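As a plain string of letters, each chain reads:
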Amino acid sequence: MSSTARTAAILTTMSLALASTALLSTGSGVSRASSHREAPLIAADPQVDNTDVYAFTSPDKPDTVTLIANWLPFQEPNGGPNFYPWADGAHYDINIDSQGTGKPDVTYRWTFHTEDQRGTNTFLYNNGPVNNLTDPTLLFHQYYTLQELRPDCDPVTLVEHGTAAPSDTGKASMPNYGQLRDQATVQLPGGGQTVATQAADPFFLDLRVFDLLYGGNLSEVGQNTLAGYNVNSVALQIPKSKLAYKGDATRNPVIGVWSSTEKQTMKLSPGSQKPVGPYVQVSRLGNPLVNEVVLPAGLKDAFNSLPPSEDHNQPAVVAKVLDPEVPKLVQAIYGIPAPATPRTDLVEIFLTGIAKATNGPLAVDLNSQLMNQDIDVSQFVPAEELRLNMSTPVTPKPDRLGVLNGDFQGFPNGRRLTDDVVDIALQVVEGATPGNFIQALAAGDKVNTTDKPFGATFPYLALPYDKAVNQK
């Protein structure tokens, strides 16, 4: 299809999206939302709370992509005696859209179950040092099945009985957590590896942004609010050919990524609960901060119940991308003029990916599935996904500001652990473009990295914190 025809098809799709009169449902059955407790319903269900998604070409294995998804935020390391288990029976998913339809072409699904040996004998998670996952001193075990799901195909089980690394209960109990995580790492048939583990939360930012944008005068910055807290993580390293449309990462290098969680309704009785009924999507996360600071409170829970394929039918969501709240707040508090609307640049970043074929203001081929040569462009729809161009070469020295500072392997082209998405997003919503920063906000939140370094090899995540957050 010619470039002109592609552009016409996308403009038609966008026109239909913006002309639609459907509204997001906020009635019964909406989801509990994701991303660090940002939506009203999630506080009651933290085990299925998505916090962040990462997708990047593996720096030490560039023929693979590493996908990381995190759940269960704000884990205080000393939070025993039950610590932080995965939810039994829930579907923890990482979804890949290689055609731009907003629908998964492949889903990787982790489903956990628990074997609790404590019974009526002890309250302890472990009753002695744990040096190996098979040590009898470890009394609480979780195992998982990992499946690869593709439309119109039978599920493929990649891991039948994988062992999740336990919560880190402290140095005396688990003197070498890195060894436990290594033991929990599983090699996959056909290439790749996976691990389910606790990790130091890799997201870094100053959450005092919610105090009138850093105190109303940029005085409340420089404190990494998430330092000291852990999350539950699944990490997957997979050959690019497994993710690309038709298995061809050369002709079809762009993928869209999001995580989601499904669970059943819990039937409660005294002292017990039982899952019943169909699975329901209860969280979803693609690009960081979209549900957190783009959508208003009344839309957050409903947004998390939707698949990305439905985003273009929701004008209330599209309207908040075209006319976001944050620039208006910045103008009101700091006097920095808000960029003119409609914000078609944000539509490219969040809903279509960035490519010349979208006919948007960011006229560069970066990370839209429209760049894939074999897709049916008539099926392409705007959808909120984290998009990664797998053909972008690995940057030897990553820049935390990614594309804005000339590092085209960084966010919003996928997301690496070191990408400073808060500073990037603040600049972008204020109208910054590569090399052209909003200087009044150039310092950002002054939290530029985590205080625990990331690893050089899979899963790259820092080991969990094992000291109390309030320990001096």
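None of the values given here were measured: they were computed from a predicted structure.

Rules of the game
- Along each chain, numbering runs from 1 in the same order as the chain's sequence is written.
- With pLDDT at 70 or above as the cut-off, local features in this predicted model cover only qualifying residues; side-chain atom pairs require 80 or more to be listed or tallied, and sums for whole chains, interfaces and linings still use all residues.
- Hydrogen atoms and water are omitted, and side-chain values are computed over all heavy atoms in the structure.
- For each residue, the accessible area found with a 1.4 Å probe, counting protein chains only, is set against the maximum for its type, and the residue is called buried under 20%, exposed over 50%, and partly exposed in between.
- In this text, helices come from DSSP runs of H or I with a minimum length of four residues, and strands from runs of E with a minimum of two, each type numbered from the N-terminal end.
- Strand pairing follows a simple DSSP-based rule, namely that at least 2 bridges must link the two strands.
- It is the directions from the helix axis to the C-beta atoms whose arc is reported.
- Pairs of N or O atoms are called polar contacts if they sit within 3.5 Å, as long as, within protein, a hydrogen donor faces a hydrogen acceptor (for residues adjacent in sequence, only side-chain-to-side-chain pairs).
- By definition in these notes, contact holds between two residues if any of their heavy atoms fall within 4.5 Å.
- Buried and open spaces are told apart on a 1 Å grid over the protein atoms alone, a cavity being a set of points where a 1.4 Å probe fits but cannot get out and a pocket being an open set with protein on both sides within 12 Å along at least five of seven lines. Residues with an atom within 4 Å of a point are the lining residues.
- Grid points are joined across faces, edges and corners, and a volume is the space filled by probe spheres set on the points.
- For this classification, the nonpolar set comprises Ala, Val, Leu, Ile, Met, Phe, Trp, Tyr, Cys and Pro, the charged set comprises Asp, Glu, Lys and Arg, and every other residue, Gly included, is treated as polar.
- Remark: nonpolar core denotes a set of buried residues (Ala, Val, Leu, Ile, Met, Phe, Trp, Tyr, Cys) joined through side-chain atoms within 4.5 Å.
- Here, axes are lines fitted to C-alpha atoms. For helices the fit covers the stretch in contact, and angles between N-to-C directions go from 0 to 180 degrees.
- The aromatic pairing rule takes the rings of Phe, Tyr and Trp, using the six-membered ring of Trp, and pairs them if the centres are within 6.5 Å, calling planes under 30 degrees apart stacked, those over 60 edge-to-face and the rest tilted.

In terms of residue burial, strand S1 (residues 50-57) counts as a mostly covered element, since eight of its eight residues are buried. In the sheet, S1 pairs with strand S2 (residues 64-75) via seven bridges, with the strands oriented antiparallel. Within S2, the residue paired with Tyr54 across the bridge is Ile68. Connecting the antiparallel pair S1 and S2 is a turn made up of six residues.

Attention shifts here to helix H7 (residues 326-334). The complete set of buried residues in H7 reads Val326, Pro327 and Val330. One side of H7 holds all its buried residues, which, seen down the axis, span an arc of 100 degrees. Phi turns positive one or two residues past the end of H7, at Gly335, with a value near 75 degrees.

On to the environment of Pro453, then. Summarising the element assignment, Pro453 is placed in the segment after helix H9 (421-429). Note on Pro453: relative accessible area 68%, which makes it exposed. In this structure, the C-alpha to C-alpha distance between Pro453 and Met390, residues 63 residues apart in sequence, is 25 Å.

Before going further, it helps to examine the side chain of Asn70. Mapped onto the elements, Asn70 comes out in strand S2. Overall, Asn70 belongs to the buried group, its relative accessible area being 0%. A polar contact of 2.5 Å, which involves the side chain of Asn70, links it to the side chain of Ser233. In this structure, Asn70 is in contact with Asp49, Asn50, Thr51, Asp52, Tyr54, Pro202, Val231, Asn232 and Ser233, ignoring residues within four places of it in sequence.

To continue, consider helix H8 (residues 344-352). Taken across its nine residues, H8 has eight buried, putting it largely inside the fold. For H8, every residue scored as buried is listed here: Asp345, Leu346, Val347, Glu348, Ile349, Phe350, Leu351 and Thr352. Following H8 by one or two positions, Gly353 has its phi on the positive side, about 80 degrees.

Turning our eyes to something else, we now look at the layout of surface pockets. Considered as a void within the structure, the largest pocket measures approximately 740 Å³ in volume. In this structure, the largest pocket is lined by 42 residues; those nearest its centre are Val209, Phe210, Leu213, Val293 and Val326. Every element with two or more residues in the lining of the largest pocket is listed here: helix H3 (212-218), helix H4 (290-294), helix H5 (297-304), helix H6 (315-322), H7, H8 and H9. By residue class, the composition of the lining of the largest pocket is 34 nonpolar, one polar and seven charged.

To continue, consider the nonpolar core. In globular proteins that are soluble, nonpolar side chains generally tend to be buried together. With 101 residues, the main nonpolar core has Tyr92, Tyr108, Trp110, Phe112, Leu146 and Val234 as its most contacted residues. No other element matches the seven residues that H9 contributes to this core. Excluding residues within four positions of it along the chain, Tyr108 makes contact with Tyr92, Asp93, Ile94, Leu146, Gln147, Glu148, Arg150, Leu158, Leu236, Ile238, Lys242 and Leu243. The next biggest cluster of nonpolar side chains, apart from the first, holds six residues, and it includes Tyr245, Leu370, Ile375 and Val377.

A word on the pairing of strand S12 (residues 386-389). Burial of the side chains of S12 extends over both faces: Leu386 and Leu388 are buried on one face and Arg387 and Asn389 on the other. Here strand S10 (residues 254-269) pairs with S12 via four bridges, running antiparallel. Note that in S12 the partner of Gly256 across the bridge is Arg387.

Read across the sheet, five strands follow the order S1-S2-S9-S8-S7 without closing on themselves; strand pairing throughout is antiparallel. In this open sheet, the two strands that pair with only one neighbour each are S1 and strand S7 (186-187). Contacts from helix H2 (residues 177-184) reach S7 and strand S8 (193-200), with the element oriented near 155 degrees to S8.

Let us look at the packing of aromatic side chains. For the structure shown, the criterion picks out eleven aromatic pairs. Relative to Tyr125, the ring of Phe83 lies with its centre 5.3 Å away and its plane at 70 degrees, an arrangement referred to as edge-to-face. Note that Phe83 is positioned in the loop between S2 and strand S3 (91-97) and Tyr125 in the loop between strand S4 (106-116) and strand S5 (140-149), a separation of 42 residues in sequence. With a relative accessible area of 16%, Phe83 lands in the buried category. Taking the relative accessible area as the measure of exposure, Tyr125 reaches 5% and is therefore buried.

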